[in-house]
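Per-entry structural report
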Amino acid sequence: MAILVTGGEGYIGSHCVIALMDAGYDTVVFDNESTGFASTGRILSGIGSKGKLLGIMKGDLLERKDLDAVFSRYDIDAAIHFAAFSQVAESMGDPAKYYRNNVGGTMNLLDAMKDHGVKRIVFSSTAATYGEPEYVPIDEKHPQNPINPYGRTKLDIEYMMDDYDRAYGIKSVRLRYFNVAGADTLGRVGECHDPETHLIPNILKSTFGDGRTFRMFGTDYPTRDGTCVRDYVNVEDLADAHILALKYLENGGKTDFFNLGTNEGSTVKEVFAVCEKVTGKKIPVSEEGRRPGDPATLVADNKKARAVLGWAPSRTLEHSVKTAYDWEVRRRSEC
Ligand code: UDP
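Only a predicted model underlies this, so the values are computations on that prediction, with no experimental measurement involved.

The subject of this paragraph is the pattern of salt bridges. Within this structure, the stated rule accounts for 32 salt bridges. Arg64 serves as the salt-bridge partner of Asp68, at 3.1 Å between the closest nitrogen and oxygen. Note that Asp68 and Arg64 are positioned in helix α3 (residues 64-73) at a spacing of 4 residues, about one turn of the helix. We classify Asp68 as partly exposed; its relative accessible area is 25%. Among the charged side chains, a network of salt bridges with common partners joins Lys205, Asp210, Glu328, Arg331 and Arg332.

Structural data, given as structure tokens:
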């Protein structure tokens, strides 16, 4: 039996593949290799652990025959589904790309699971399904009113999963990520987006003396220092939650959804200070106007994931910044 990981060569997916193998699961990666760090597949293939990486299949969720091939070839017990486009700004300019790939691709995956008798799926959803917060910390009862097509595609998929459970008995866990940060502690995999829009990699990229100034978007928010507050959850802690979600479903757990965050927020200025401390560098910064669509504060209430899944995030923001920096050094040396 194996776990199918779609998008297993991506940022979060690759950390999850490692966590699965460490937990003794055999895995199969399904990825179209359209984004991300080119060497990730090779790196994952070279990692020996308790579980094995049985294969990496280059395929597209939009091609039903690719999915049928992977379900026919391997004995798949459950899926963990990461493969998606995830750039908010791009989703505003080209929503068709997002609905087709994220919603259409997931529908193909669920249909293939239905036809091949696979009944469990863990899905990477997002805090973006909540939209502008009505209160913080945000718990799972908070209304879901996403404000961009990216968030809407993820919410559509959550609804689809409810319907596929009712009609076909496919059980799902939807994990709503807050701000994911950091890299593998052993430096094997990490983040690589093009264009990079996320805070921590963008601050760190400005430490390399190639004339890049970090742009701080918005210093007049109603927060403790005027910059936005976000809940940065470590990517390895996040990967651990997927293993717990899988075990929850294996133990007969019902379809459900959980926030993955730390219950604590950091401002952009606080994150910037951690980056200067960890790297020991003075980082060039320019204070700019607000980035459209950024709420002032987004912090998770993670009590439900703690209580039901037994998840306990433990890695610090400093650890996330340190591992992200080590990864950026490695990535640069290989590009
Ligand atoms: N941010 C910034 N400069 C950057 C990237 C992000 O000031 O180059 C800010 C952004 O405005 C937001 C916070 O950092 O307040 C987190 O942004 P990110 O894109 O990492 O995550 P989001 O919360 O938008 O998903």
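Having seen it, we continue.
This part is about the sheet that holds strand β3 (residues 53-58). Note on sheets: strands pair through backbone hydrogen bonds, and any given pair is parallel or antiparallel. Overall, parallel pairing links the 7 strands, which are arranged β3-β2-β1-β4-β5-β6-β11 in an open sheet. Every other strand in the sheet has two partners, leaving β3 and β11 (256-260) as the edge strands with one partner each. Mean inter-strand twist for the sheet, computed between neighbouring axes without regard to direction, equals 15°. Two elements, strand β6 (residues 171-177) and β11, share 5 bridges in a ladder whose sense is parallel. Along β11, the bridge assignment pairs Arg174 with Phe257. Of the strands in this sheet, β1 (2-6), β2 (27-31), β3 and β4 (76-81) are in contact with α3, which crosses β2 at around 170°. Across the sheet, helix α6 (residues 149-168) touches β5 (120-126), β6 and β11, and the angle it forms with β5 is around 155°.

Basis of the calculations
- Throughout, residues of each chain are indexed from 1 in the direction in which the sequence is written.
- Confidence filtering applies because this is a predicted model: local features only for residues at pLDDT of at least 70, side-chain atom pairs given and counted only at 80 or more, and all residues used for totals across whole chains, interfaces and linings.
- Neither water nor hydrogens contribute to the side-chain values; these are computed over all heavy atoms in the structure.
- The term salt bridge refers to a side-chain nitrogen of Lys or Arg lying within 4 Å of a carboxyl oxygen of Asp or Glu.
- In this description a helix means any DSSP run of H or I spanning at least four residues, a strand means any run of E spanning at least two, and both kinds are numbered starting from the N terminus.
- To sort residues, take the accessible area from a 1.4 Å probe on protein chains only and compare it with the maximum for the residue type: under 20% means buried, over 50% means exposed, and anything in between is partly exposed.
- If DSSP finds at least two bridges between two strands, the strands pair.
- Between N-to-C directions, angles span 0 to 180 degrees; the directions come from axes that are lines fitted to C-alpha atoms, helices contributing only their stretch in contact.
- We call two residues in contact whenever any of their non-hydrogen atoms come within 4.5 Å of each other.

Honestly, that's just the spatial picture; any functional story needs more than this.
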